[in-house]
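An overview of the molecular structure
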Amino acid sequence: DITCPADFSVCISEPAFLLTGATPNGGVYSGTGVLNGMFDAAAAGIGVFEILYTYSEGGCENSCTFFITVNPLPDVYCPADFAVCADADAFELTGAEPFGGVYSGSGVLDGYFNPALAGVGNHTITYTFTDGNDCSNFCTFVITVNPLPEVACPQSMTVCVDAPEFELTGATPTGGEYSGNGVTGGFFYPATAGVGEHIVTYTFADQNGCENSCEFTIVVIDIPTVTCPAEFAVCDDATSY
């Protein structure tokens, strides 16, 4: 009496494995993809394959058959590589197909990518999808985390409220934008700002679209109140005083 195992399926990526389950033990398995009792899914290819199990005892031989289905891996597609700035908020990863897989890699947590957690540099993200046959495939893409530009502001300064407007300079790299109370078109207007301390912000964006800023203070002081004595008269022969 020969008994074969139940039909089953494997993924084409499955490593070669030893065929078991037929009884009595000690028989011979044969068929497409079978070599020395091992079934190699990659060698068999995609499809349904009949496996023969033959057992001999005392010169009498019997056999049974079962079927192994080799399923293909799902086609998986990743989004194109892209870049973000180091100060970007964590964001949900999307764009990979089919929907329903799992993203993994540096800076990835629960399907979200956190640039601060990943750090500056290139990060390979893996998307893994498992289909209804329990076959898995993956693809990869790269997220580049760009650093923020280094920005330096000029020293804080003091001006009089009646000083004329002046162009703001001294922040590096050049090409950024000044903003704040009393600032218009890159110029500071003391009279418009008024007496007091005014924080001026310098913002610079680099070629990657990453932005950083610094601050300095312009103190606008009031002009002094000056009082003269009353008018008086002296004689022309008075001594100097």
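A short tour of the structure in this document, coming up. (Residues numbered from 1 in each chain as written. Predicted model: local features only at pLDDT ≥ 70, side-chain atom pairs only at ≥ 80, totals over all residues. Heavy atoms only, no water.)

1. Examining the side chain of Asp 206
When you line up the elements, Asp 206 lands in the loop between strand 20 (196–205) and strand 21 (211–221). A relative accessible area of 17% means that Asp 206 is categorised as buried. Reaching out from Asp 206, the side chain makes a polar contact with the backbone nitrogen of Asn 208 at a distance of 3.0 Å. (Helix = DSSP H or I, 4+ residues; strand = E, 2+ residues; numbered from the N terminus. Buried < 20%, exposed > 50% of the residue type's maximum accessible area, 1.4 Å probe, protein only. Polar contact = N/O pair within 3.5 Å; in protein donor to acceptor, adjacent residues only side chain to side chain.)

2. As for the layout of surface pockets
Here the largest pocket defines a volume of roughly 190 Å³. Forming the walls of the largest pocket are 14 residues, and the residues nearest its centre are Glu 92, Leu 93, Thr 94, Phe 99 and Tyr 103. Considering only residue class, the lining of the largest pocket consists of 7 nonpolar, 5 polar and 2 charged. (1 Å grid on protein atoms, 1.4 Å probe; cavity = no way out; pocket = protein on both sides within 12 Å on 5 of 7 lines; lining within 4 Å. Points joined across faces, edges and corners; volume = space filled by probe spheres on them. Nonpolar A, V, L, I, M, F, W, Y, C, P; charged D, E, K, R; others polar.)

3. Brief notes about a nonpolar patch on the surface
Taken together, the side chains of Phe 232, Val 234 and Tyr 241 make up a nonpolar region of the molecular surface, amounting to roughly 420 Å² of accessible area. Along the chain, Val 234 falls in the segment after strand 21. (Patch = residues over 30% accessible without salt bridge, like charges linked within 9 Å, V, L, I, M, F, W, Y side chains within 5 Å. Areas by Shrake-Rupley, 256 points an atom, 1.4 Å probe, with all protein chains shown as cover. Salt bridge = Lys/Arg side-chain N within 4 Å of Asp/Glu carboxyl O.)

4. Thoughts on the packing of aromatic side chains
Per the stated rule, a full pass over the model turns up 13 aromatic pairs. Ring centres 6.3 Å apart and planes at 25° place the aromatic pair Phe 8 and Phe 66 in the stacked group. Taken together, the positions of Phe 8 in strand 1 (residues 8–11) and Phe 66 in strand 7 (residues 60–71) put the pair 58 residues apart, joining distant regions of the chain. Phe 8 gets classed as partly exposed once you look at its relative accessible area, which sits at 29%. With 4.7 Å between their ring centres and 50° between their planes, Tyr 178 and Tyr 202 make a pair best called tilted. (Phe/Tyr/Trp six-rings, centres within 6.5 Å; stacked < 30°, edge-to-face > 60°.)

5. As for the nonpolar core
In this structure, Leu 19, Tyr 29, Phe 39, Ile 51 and Tyr 53 are the most contacted members of the largest nonpolar core, which totals 19 residues. Looking at this core, the elements with two or more residues in it are helix 1 (41–44), strand 6 (47–57) and strand 7. Those residues in contact with Tyr 29 that lie beyond four places of it in its chain are Leu 19, Thr 20, Gly 21, Ala 22, Val 34, Ile 51, Leu 52, Tyr 53 and Phe 66. Membership of the second largest hydrophobic core comes to 16 residues, among which are Val 151, Val 159, Ala 171 and Phe 204. (Core = buried A, V, L, I, M, F, W, Y, C linked by side-chain atoms within 4.5 Å. Contact = heavy atoms within 4.5 Å.)

6. Points about unusual backbone geometry
Look at the link from Thr 23 to Pro 24: it is a cis peptide, with omega at -5°. Locating Pro 24 in the fold gives a position in the loop between strand 2 (17–18) and strand 3 (28–30). Each neighbour pair has its own omega, and for Glu 97 with Pro 98 the value is -5°, a cis peptide bond. As for its placement among the helices and strands, Pro 98 is situated in the loop between strand 9 (91–92) and strand 10 (102–104). One non-glycine residue, Asp 110, lies in positive phi territory at about 55°. Here Asp 110 is to be found in the loop between strand 11 (108–109) and strand 12 (112–113). According to the relative accessible area criterion, Asp 110 is exposed, its value standing at 71%. Although it is not a glycine, Asp 134 adopts a positive phi angle of roughly 65°. For Asp 134, the position within the fold is in the loop between strand 13 (121–130) and strand 14 (136–146).

7. Section: the state of the cysteines
Counted according to the given criterion, the structure contains 5 disulfides. Each sulfur in the disulfide pair Cys 4 and Cys 64 lies 1.9 Å from the other. Judged by the torsion about the S-S bond (90°), the Cys 4/Cys 64 disulfide is right-handed. One end of the pair, Cys 4, is in the segment before strand 1; the other, Cys 64, is in strand 7, and 60 residues separate them in sequence. With respect to burial, Cys 4 and Cys 64 carry one shared label: buried. A sulfur-sulfur separation of 2.0 Å characterises the disulfide bridge that pairs Cys 153 with Cys 214. (Disulfide = S-S within 2.5 Å.)

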